[in-house]
Amino acid sequence: MSETDIRDFTKSEVESKNEFEYKAEMKQLLHLIVHSLYTHPEVFLRELISNSSDALNKIRFRRLTDSNILDPDAELKINIDVDEKENTFSITDTGIGMTKDDLLSRIGTIASSGTLEFLKQMKENNKSIDANLIGQFGVGFYSVFMVTDEIIIETANAEPDSKSFLWKSIGENKFTIEEIDKKPRGTKISFKLKDEYKEFAQPWKVKSILKKYSNFVDFPVYVNGEKVNIVSALWHRKKEDIKDEELNDFYTFISNDSTPPMAHILLNIEGILNFKSLIFIPETAQPTLFQDALDKSLQLYSNRIFIQDNCKELLPDYLKFVKGVVDTEELPLNVSREVTQSSPVIAKIKNVLVSKILGLLEDWAENDKPKYEKFYNNFGSLLKTGINSDFTNKDRLIELLRFETSLKPKSEKVSLKDYVNRMADDQKEIYYIMGDHRDLIEMNPNLEYFRKNELEVLYLTDPVDVFTIPYIFEYNKKQLKSIEKADIDIKKENKTETSADESNKGLLNKFKEVLGDKVEDVIESNRLVDSAVTLVVGKQGFDPQVEKMMQYIDKNFTHSKRILEVNTTHNIIRNINSLFISNSNPELVSNTILQLYDGALLLEGKLASPNEFLKRMNEFIELSTK
Ligand code: ADP
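Rules behind the numbers
- Within each chain, residue numbers correspond to sequence positions counted from 1 in written order.
- Totals for whole chains, interfaces and linings use all residues, but because this is a predicted model, local features are given only for residues with pLDDT of at least 70 and pairs of side-chain atoms are given and counted only at 80 or more.
- Note that water and hydrogens are dropped before the side-chain values are worked out from all heavy atoms of the structure.
- A run of DSSP states H or I qualifies as a helix once it reaches four residues; a run of E qualifies as a strand once it reaches two. Both are numbered from the N-terminal end.
- The globule rule used for comparison is 2.2 Å times the number of residues to the exponent 0.38, while the radius of gyration itself is calculated over C-alpha atoms.
- With a 1.4 Å probe rolled over the protein chains alone, any residue whose accessible area is under 20% of its type maximum counts as buried; one over 50% counts as exposed, and the rest are partly exposed.
- In this analysis, two residues are considered to be in contact whenever any of their non-hydrogen atoms come within 4.5 Å of each other.
- Shrake-Rupley sampling with a 1.4 Å probe provides the accessible areas, and residues are treated as covered by the protein chains on show and by no other component.
- The charged-residue count follows a simple rule in which Lys and Arg add positive charge and Asp and Glu add negative charge, with His and chain termini not counted at all.
- In plain terms, the charge of a residue is placed at NZ if it is Lys, CZ if Arg, CG if Asp and CD if Glu.
- We define a polar contact as two N or O atoms separated by no more than 3.5 Å, with the added condition that, inside protein, one atom must be a possible hydrogen donor and the other a possible acceptor, whereas residues neighbouring each other in sequence contribute only through side-chain atom pairs.
- Note on terminology: near, applied to a residue and a molecule or strand, indicates that one of the residue's heavy atoms is within 4 Å of it.
- By the convention adopted, Pro, Cys, Tyr, Trp, Phe, Met, Ile, Leu, Val and Ala count as nonpolar, Lys, Arg, Asp and Glu as charged, and the other residues, Gly among them, as polar.
- The pairing criterion is simple: DSSP has to find at least two bridges between the two strands.
- Angular values range over 0 to 180 degrees, each being the angle between N-to-C directions of two axes fitted as lines to C-alpha atoms, with helices fitted over their stretch in contact.
- Only residues whose relative accessible area exceeds 30% and that take part in no salt bridge are eligible for patches, with like-charged residues grouped when within 9 Å of each other and nonpolar side chains (Val, Leu, Ile, Met, Phe, Trp, Tyr) grouped when within 5 Å.
- Any Lys or Arg side-chain nitrogen located within 4 Å of an Asp or Glu carboxyl oxygen qualifies as a salt bridge.
- Each domain's limits were defined by an automated method or a database of domain assignments.
- By convention, the term buried area covers the 1.4 Å-probe accessible surface removed from two parts as they join, with the contributions of both added.
- Classification of ring pairs uses Phe, Tyr and Trp, with its six-membered ring standing for Trp, and accepts pairs whose centres are within 6.5 Å; under 30 degrees between planes counts as stacked, over 60 as edge-to-face, and the remaining range as tilted.
- We call a charge positioned over a ring when the NZ of a Lys or the CZ of an Arg lies within 6 Å of the ring centre and within 35 degrees of the ring normal.
- Any angle that falls under 35 degrees is termed roughly parallel, while one over 145 is termed roughly antiparallel, one within 65 to 115 roughly perpendicular, and all others oblique.
- By definition, any crossing whose near helix is turned counterclockwise from its far helix by less than a right angle is left-handed, and any crossing with a clockwise turn is right-handed.

Quick look at the overall build of the protein
Tallying secondary structure elements over the protein gives 22 helices and 24 strands in all. Computed over its C-alpha atoms, the radius of gyration of the protein comes to 32 Å, more than 25% above the 25 Å expected for a compact globule of 626 residues. The buried share of the protein, reckoned over its 626 residues, is 50%. For the protein, the proportion of contacts with a sequence separation of at least 24, taken over those separated by at least 6, is 71%. Within the structure as shown, the protein displays about 30,400 Å² of accessible surface, and the carbon and sulfur contribution to it stands at 49%. Taking the average location of the 84 positive side-chain charges in the protein and that of its 103 negative ones, the two points are 1 Å from each other.

Written out as structure tokens, the structure reads:
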């Protein structure tokens, strides 16, 4: 092993010492687990069973190709022993075991710093820690510290000449590792229960908790010598033979999410392609959804034998909220990660899964709108990212999009199909506007023309929209168009009073002179109704929201220049036009122009120097209160 394998400890420390201190983060995590309120303490049992089951899966997988291991013939099983009188609990497996390095790097260290941050937040919010979350964040082992003060791990790794070790926690800050006499292959974890948790030393209690999950463990589980589970791969059963409760329990078992799933899909595909699958759509988005290191994809099985956890090739990223298993006999049992990554079988399974999941969503979107809305609120942003990455399903994904819109209340989202069905015959384009949220969008002067003419405008308020919607280009032969662009098709005759263009020309030139190279151009506006001026994007420019994003990514990104549109029928503009023509107060004309321009910037959140703006405003106030 190289030094870097043991994240927190140097090589010489590892070789010479047997007492170790947890690093700061780990101490804090343990402190939280030991002292914070928590719910579901029984989760520790599921975590231990699940770790043992993982360790057994690993050795079974290795045994397929390698018989040179410690105790090659040992039965693959889990033993739980409890003693009511002594208040003790132990769990022993014949799995892959741990080396000293494993004990240091996997038990003594937190894999993800996001974990601690999250738990801290929970504490600050004064929430009790849900033990399920400890598991979701990849530190499930530590949930045991809810029910005990001291844990002992004895372990022998599968290498034939491996040494055996004893790991022991001391208080919240330290642990020791010492070599012990050779043990059989596997791991034993034992501890004395805190008084208030002595119920977990009662065999009936342990059995009743295990009943929920142990049937999904692919190895026999014994409690005080009595076998308690019937190994049964749920996905091999017929639909009608599976109870809802079993589905929910199985979902919780594989996802660590204690909320029952929103839906499941059970597949039994036979023919050219053969596989079975049981997948779930969660009811809520899990907090780890966007933490790549933690969120897990589907599990891969070959004829009931576990092959791989988190097989990312089975689903595209935009569906990574889906949890479950895929079981196929078309792969060799000892298939490696590299092979699954390029396997045509996996690619075909993926296509079927995607199609089935989209089919279910389409069904909700059509026939169960509240359900689809709930789904969309949770996972819509992720789903959208498929538009840029999954060209095969792009059209189906576009149909599944939902937007806020100017014609409906915030709670009512619409599809592009709804929009097009409502379009007047002479409307040629689908209009949208992007912004952080509805209230801000509705203050945008660029909406005025559309509001007045009752033209529907989609409100794109999801940050992901910036990366997806502009790439749709058209839907049903109608172009998608940002109403913030200068080249939008706006009918001039909609202006009630056609002002004498000529008489404004001078003023527009004055605007150009005063603003200089701050703007690309100054033109007369056809779109404004209530506002005096607005900024729009030139043909080549990006939408303001897109620019905001670009700037976020690239600090050196410079904004493209905007076009200032002037509403020549507005009173302010009329007033300054008179002032301009009479040349009676050139300074006031210039200041008003600057003020109008800054005001438009302010509305977009782009005003760089509020000082100037305020100074001018105070001058105007002084003038009008004279
Ligand atoms: P996770 O299971 O999510 O990785 P845990 O904190 O539960 O997180 O476990 C940390 C690691 O400790 C496991 O990934 C595994 O490598 C090791 N481990 C825990 N229990 C066992 C066991 N019974 N046998 C072998 N390794 C184990």
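A closer look at the side chain of Glu-154
Within the secondary structure, Glu-154 sits in strand S6 (residues 148-156). What makes Glu-154 buried here is its relative accessible area of 17%. A polar side-chain atom of Glu-154 sits 3.4 Å from a polar atom in the side chain of Lys-183.

Some thoughts on the environment of Phe-620
The residue Phe-620 is located in helix H22 (residues 610-624) in this model. Classification of Phe-620 by relative accessible area gives partly exposed; the value is 23%. The sequence separation of Phe-620 and Thr-592 amounts to 28 residues, and the corresponding C-alpha distance is 8.9 Å. With residues up to four places along the chain from it excluded, the contact list for Phe-620 reads Leu-588, Asn-591, Thr-592 and Gln-595.

What to know about the site of the ligand
In the vicinity of the ligand, the residues found are Asn-51, Ser-52, Ala-55, Asp-93, Met-98, Arg-106, Ile-107, Gly-138, Val-139, Gly-140, Phe-141 and Thr-187. The separation between a nitrogen atom of the ligand and a polar side-chain atom of Asp-93 is 3.0 Å. In this structure, a nitrogen atom belonging to the ligand sits 3.4 Å away from a side-chain N or O atom of Thr-187. When isolated, the ligand has an accessible area of 530 Å², and the protein chains bury 84% of it. With three residues, helix H3 (residues 43-63) is the single largest residue contributor to the shell around the ligand. Each residue belonging to the shell around the ligand can be placed in one class, and the counts come to five nonpolar, five polar and two charged.

Thoughts on the sheet that holds strand S24 (residues 562-566)
Taken together, three strands build an open sheet; the order of strands is S22-S24-S23 and the sheet is mixed. Pairing within the sheet leaves two strands with one partner each, and these edge strands are strand S22 (519-524) and strand S23 (533-537). Mean inter-strand twist for the sheet, computed between neighbouring axes without regard to direction, equals 25°. Sheet topology places S22 next to S24; five bridges connect them, and they run parallel. Bridge assignment links Ile-523 to a residue of S24, and that residue is Glu-565.

Let's talk about a nonpolar patch on the surface
Taken together, the side chains of Leu-440, Met-443 and Leu-603 make up a nonpolar region of the molecular surface, amounting to roughly 260 Å² of accessible area. Mapped onto the secondary structure, Leu-603 falls in helix H21 (residues 586-603).

Considering the domain arrangement of the protein
Many authors give the size of an interface as the accessible area that is lost as the parts come together. By domain assignment, the protein separates into domain 1 (3-227), domain 2 (234-369), domain 3 (401-482) and domain 4 (499-624). On the side of domain 2, 22 residues touch domain 1, which itself brings 22 residues to the contact. Across the domain 1 to domain 2 interface the summed buried area is about 1,900 Å²; carbon plus sulfur atoms make up 62%. The three residues of domain 1 that bury the most area against domain 2 are Phe-61, Gln-136 and Phe-216, which together make up 35% of that side's buried surface. Linking domain 1 with domain 2 are zero salt bridges.

Description of the packing of aromatic side chains
Each aromatic ring pair is specified by the distance between its two centres and by the angle formed by the two planes. All told, the structure shown has 27 aromatic pairs when counted by the stated rule. Each ring, one from Tyr-142 and one from Phe-145, has its centre 6.4 Å from the other, and the planes form 10°; the classification is stacked. Overall, Tyr-142 belongs to the buried group, its relative accessible area being 1%. A relative accessible area of 2% means that Phe-145 is categorised as buried. An aromatic cluster is defined as three or more aromatic residues linked by ring pairs; in this entry it consists of Phe-216, Trp-235, Phe-250, Tyr-251, Phe-253, Phe-280, Tyr-301 and Phe-306. A cation sits over an aromatic face here: Lys-77 above Tyr-222, 5.7 Å from the ring centre.

Some remarks on the pattern of salt bridges
Opposite charge on two side chains makes pairing possible when the charged atoms of those side chains draw close. Inspection of the entire model under this criterion finds 27 salt bridges. Among the salt bridges present, the one from Asp-218 reaches Arg-60, with a minimum N-O distance of 3.0 Å. Taken as a pair, Asp-218 in the loop between helix H7 (203-213) and strand S10 (221-223) and Arg-60 in helix H3 lie far apart in primary sequence, 158 residues in all. Its relative accessible area of 14% is what places Arg-60 among the buried residues. Here Glu-442 and Arg-438 are joined by a salt bridge, their closest N and O atoms 3.7 Å apart. Of this pair, Glu-442 and Arg-438 both sit in helix H15 (residues 438-442), four residues apart, roughly one helical turn. On the basis of relative accessible area, Glu-442 is assigned to the partly exposed category, the value being 34%. A relative accessible area of 10% means that Arg-438 is categorised as buried. One continuous salt-bridge network, built from bridges that share partners, spans Glu-404, Lys-410, Arg-438 and Glu-442.

Some thoughts on the packing of H21 against H22
Close contact between H21 and H22 brings their axes to 10 Å; oriented N to C, the two are set at 125°. If you check the angle between H21 and H22, you find them oblique. In this structure, H21 crosses over H22, and the sense of that crossing is left-handed. Contacts between H21 and H22 involve Leu-588, Asn-591, Thr-592, Leu-594, Gln-595, Asp-598, Gly-599 and Leu-602 on the former and, on the latter, Phe-613, Arg-616, Met-617, Glu-619, Phe-620 and Leu-623. The class makeup of the residues in the contact of H21 with H22 is seven nonpolar, four polar and three charged.

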